Amino acid sequence: MLKAVLFDLDHTLIDWDQASPWEDFQSERLGLVLEHLHAQGHATNGASVEGLVEAFIAGLTAAWDNSRTTLIAPSLYTVIHDALVAMGITSEQIDLETVMEVYDWQPREGERAFPDALEVLPQLAEHGLAMGIVTNASQPMHYRDRELQAFGMCEWFPDC
């Protein structure tokens with residue numbers, strides 16, 4: 001008898017196909033980080049949002065390439081830290097927990113839950129099936145929970 005169902009998060013529960021461009025999203029998020037560092041009086045060595053986004057994307061791409069052989073998903077925390085260092089910001093200036101709070105991951109404009117998922121999840125719950133999520137996303141799950149909450153799916157995964 002079936003007792004549980006595991007779902008992949010991206011492109012199974014959450015549809016990113018109509019979401020705003022990834023680079024625009026990163027420009028907005030990383031721009032907040034640079035503003036924060038500057039406001040704290042840290043030397044940003046002339047780092048631009050464009051340069052930081054470029055370093056971030058290059059680092060994320062390299063981390064995903066590495067994951068193909070190590071089977072370890074990239075860490076958004078590490079990629080952002082390394083992109084800041086690549087822009088000449090010293091590790092001593094980077095309070096990573098605060099930087100990640102300022103980065104403030106949110107669902108992108110146009111991102112949504114697949115309508116079929118919203119129909120099926122309550123039906124599975126009615127039959128007493130446990131449900132879980134499997135993802136190799138680089139974002140920590142507490143960020144991804146924001147998406148599940150925004151799309152009304154968090155209640156179906158109380159133990160995740």
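Residues numbered from 1 in each chain as written. Predicted model: local features only at pLDDT ≥ 70, side-chain atom pairs only at ≥ 80, totals over all residues. Heavy atoms only, no water.

Asker: Would you take a moment to explain the packing of aromatic side chains for this structure?
Answerer: One pass over the full model with this rule turns up eight aromatic pairs. Here the aromatic rings of Trp16 and Trp22 are separated by 5.8 Å at their centres, their planes lie at 25 degrees, and the arrangement is stacked. Between the aromatic rings of Trp16 and Trp105, the centroid separation amounts to 6.3 Å while the plane-to-plane angle is 40 degrees, which identifies the pairing as tilted. With a gap of 89 residues between them, Trp16 in the loop between β2 (14–15) and α1 (22–39) and Trp105 in the loop between α4 (96–103) and β3 (112–113) connect regions that are remote in the sequence. Accessibility assignment for this pair places Trp16 and Trp105 in one class, buried. An aromatic cluster is present here, built from Trp16, Trp22, Phe25, Tyr103, Trp105 and Tyr143 joined pairwise through their rings. (Phe/Tyr/Trp six-rings, centres within 6.5 Å; stacked < 30°, edge-to-face > 60°. Helix = DSSP H or I, 4+ residues; strand = E, 2+ residues; numbered from the N terminus. Buried < 20%, exposed > 50% of the residue type's maximum accessible area, 1.4 Å probe, protein only.)

Asker: Would you mind showing me how to read the layout of surface pockets here?
Answerer: In this model, the largest pocket occupies a volume close to 190 Å³. Lining the largest pocket we find Asp10, Trp16, Trp22, Ile57, Leu60, Thr61, Trp64, Ala137, Ser138, Gln139 and Arg144. Counting residues per element, the lining of the largest pocket draws most heavily on helix α2 (residues 49–70), at four residues. Grouping the constituent residues of the lining of the largest pocket by class yields six nonpolar, three polar and two charged. (1 Å grid on protein atoms, 1.4 Å probe; cavity = no way out; pocket = protein on both sides within 12 Å on 5 of 7 lines; lining within 4 Å. Points joined across faces, edges and corners; volume = space filled by probe spheres on them. Nonpolar A, V, L, I, M, F, W, Y, C, P; charged D, E, K, R; others polar.)

Asker: Whenever I open this one, the pattern of salt bridges confuses me. Can you help?
Answerer: Side chains that differ in sign of charge can pair as their charged atoms come close. Tallying each qualifying case throughout the model produces seven salt bridges. In this structure, Arg144 engages Asp10 in a salt bridge whose closest nitrogen and oxygen atoms are separated by 2.4 Å. Remark: Asp10 occurs in the loop between β1 (4–8) and β2 and Arg144 occurs in helix α6 (residues 141–150); sequence separation between them is 134 residues. Residue Arg144 shares its accessibility class with Asp10, and that shared class is buried. When salt bridges that share partners are traced, they join Glu28, Arg29, Asp104 and Arg146 into one network. (Salt bridge = Lys/Arg side-chain N within 4 Å of Asp/Glu carboxyl O.)

Asker: Is there a simple way to explain the packing of α2 against helix α3 (residues 76–86) in this structure?
Answerer: Where α2 contacts α3, the two axes come as close as 8 Å, and the packing angle between them is 135 degrees. When the axis of α2 is compared with that of α3, the two are oblique. Crossing geometry of α2 relative to α3 is assigned as right-handed. The segment α2 lies against α3, with Leu52, Ala55, Phe56, Gly59, Leu60 and Ala63 engaging Leu76, Val79, Ile80, Ala83, Leu84 and Ala86. A class-by-class count of the residues in the contact of α2 with α3 yields 11 nonpolar, one polar and no charged. (Axes fitted to C-alpha atoms, helices over the stretch in contact; angles between N-to-C directions. Parallel < 35°, antiparallel > 145°, perpendicular 65-115°, else oblique. Left-handed = near helix turned anticlockwise from the far one by under 90°. Contact = heavy atoms within 4.5 Å.)

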